[in-house]
Amino acid sequence: MGLGAMGMSAFYGPTDEAEAIATLQHAVDIGVTFIDTAEAYGPFENEKLIGRALGSRRDEITIATKASTEMDDDGTIRGRNGTPEYIRRACERSLRHLGMDVIDLYYLHRVDPQVPIEESVGGLADLVRDGKVRHIGLSEASAPTLRRAQAVHPIAAVQSEFSLFARDMLHNDEKATADELGIGVVAFSPLGRGTLTSGIRSLDELAPEDARRGLPRFQPEAFAANRRLVERVEAVARERGATVAQVALAWVLSEGMVPIPGTRRRDKLAENAGAAEIQLSEDERIRLADAVPAAEVVGSRDGINAEVGADR
């Protein structure tokens, strides 16, 4: 089980740095040591937060961060940039913000359609050879792109949205291709951006500035319809003696993926971590999948980083 740190610094309304630092440190204490961030989260503030919270525990964690949307040092966004030159500049800046000498897993956050993937991956590979990065990955990359990338340099992981509400990876050949090529799969938003939890039962619980308010699945009619699907998942969770978040995460784990649920609180972190101890039966797996038919999910899955798009 990993931890997505994005919401500690951006997109989901007011933040509490003291609780965020305590949550990051508690994560390492209980064995949640795969920490996911990106230069875009803040921008830059999330990487800096992780550096402050975990810099002294560097040897205990696996840190993943990302680049591809070009930003000036003041955070001004210039647009997608997958050139080797920008990737190197972004990597060196991330290392400074993290206060670290090497990044364990460095992703191309989104594929730049103006730059051949071979060039982008070549730039990432150069960082590995220079000792700035240990492993490289892609995010939201299609199956053909994964094959082209793997031909240039081993891809350690591909990260895509995956949850009971978003199962595209199982049907567009992305997961199958990753498995064939020996590429690990990391699932972001495995709890449907908080929908598959006990924490959001009404849109009134979201802060006015919460970016989810602008997403299709968080519009009033869509949210109400999708909440009815969550209630079906809750029924399975009650029978299992677990929370809805725990069975939702256990289902992602059962699909052979590493979930990185985001949270800003220690109690929710502990709840999510408990999912790693749940072994679902085949009947439970089927019931959970059937509880959320793709045809009944209302609204597209447009993400917080929708402006950078996906390689589809």
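As the structure is a computational prediction, the values presented were derived from the model and not from experiment. (Residues numbered from 1 in each chain as written. Predicted model: local features only at pLDDT ≥ 70, side-chain atom pairs only at ≥ 80, totals over all residues. Heavy atoms only, no water.)

**Q** Explain the overall build of the chain to me, please; I cannot follow it from the model alone.
**A** Of regular secondary structure, the chain possesses 10 helices and 10 strands. Taken against the 2.2 N^0.38 rule, which gives 20 Å for 312 residues, the C-alpha radius of gyration of the chain at 19 Å falls within 12% of a compact globule. By principal-axis analysis of the C-alpha atoms, the chain measures approximately 50 × 40 × 35 Å. Looking at the chain as a whole, 58% of its 312 residues are labelled buried. Contacts in the chain between residues far apart in sequence, at least 24 positions, make up 75% of those at least 6 positions apart. Split by element, the accessible area of the chain, about 12,700 Å² in all, is 47% carbon and sulfur. The positive charge centre, built from 37 side chains, and the negative charge centre, built from 50, are 1 Å apart in the chain. (Helix = DSSP H or I, 4+ residues; strand = E, 2+ residues; numbered from the N terminus. Rg over C-alpha atoms; globule rule 2.2 N^0.38 Å. Buried < 20%, exposed > 50% of the residue type's maximum accessible area, 1.4 Å probe, protein only. Contact = heavy atoms within 4.5 Å. Areas by Shrake-Rupley, 256 points an atom, 1.4 Å probe, with all protein chains shown as cover. Lys, Arg positive; Asp, Glu negative; His and termini not counted. Charge placed at Lys NZ, Arg CZ, Asp CG, Glu CD.)

**Q** Explain the pattern of salt bridges to me, please; I cannot follow it from the model alone.
**A** If charged atoms from side chains of opposite charge come close, those side chains can pair. Under the definition given, this model contains 34 salt bridges. Between glutamate 118 and arginine 148 there is a salt bridge, with the nearest N and O atoms lying 2.8 Å from each other. Taken together, the positions of glutamate 118 in helix α4 (residues 117-129) and arginine 148 in helix α5 (residues 143-150) put the pair 30 residues apart, joining distant regions of the chain. Here arginine 301 makes a salt bridge to glutamate 161, at a shortest N to O gap of 2.9 Å. Highlighted residues: arginine 301 in the segment after α10 (282-291) and glutamate 161 in strand β8 (residues 157-161), separated in sequence by 140 residues. Residues arginine 301 and glutamate 161 agree in their burial class; the two are buried. One continuous salt-bridge network, built from bridges that share partners, spans Glu39, Glu70, Asp73, Arg89 and Arg93. (Salt bridge = Lys/Arg side-chain N within 4 Å of Asp/Glu carboxyl O.)

**Q** Even after reading the chapter, I still don't get the nonpolar core, so can you show me in this structure?
**A** If you look at the biggest cluster of nonpolar residues, it comprises 82 residues, and the most contacted ones within it are Leu24, Ile50, Tyr106 and Val233. When residues of this core are assigned to their parent elements, the largest contribution, eight residues, is made by helix α8 (residues 244-254). In this structure, leucine 24 is in contact with Leu3, Met8, Ile35, Leu49, Ile50, Ala53 and Leu54, ignoring residues within four places of it in sequence. Core analysis: the second largest hydrophobic core is formed by eight residues, Phe34, Ala64, Ala157 and Val186 among them. (Core = buried A, V, L, I, M, F, W, Y, C linked by side-chain atoms within 4.5 Å.)

**Q** How should the environment of phenylalanine 218 be read in this particular structure?
**A** One can find phenylalanine 218 in the loop between β9 (184-188) and α7 (220-240). Between the alpha carbons of phenylalanine 218 and isoleucine 117 there is a distance of 33 Å; along the sequence they are 101 residues apart.

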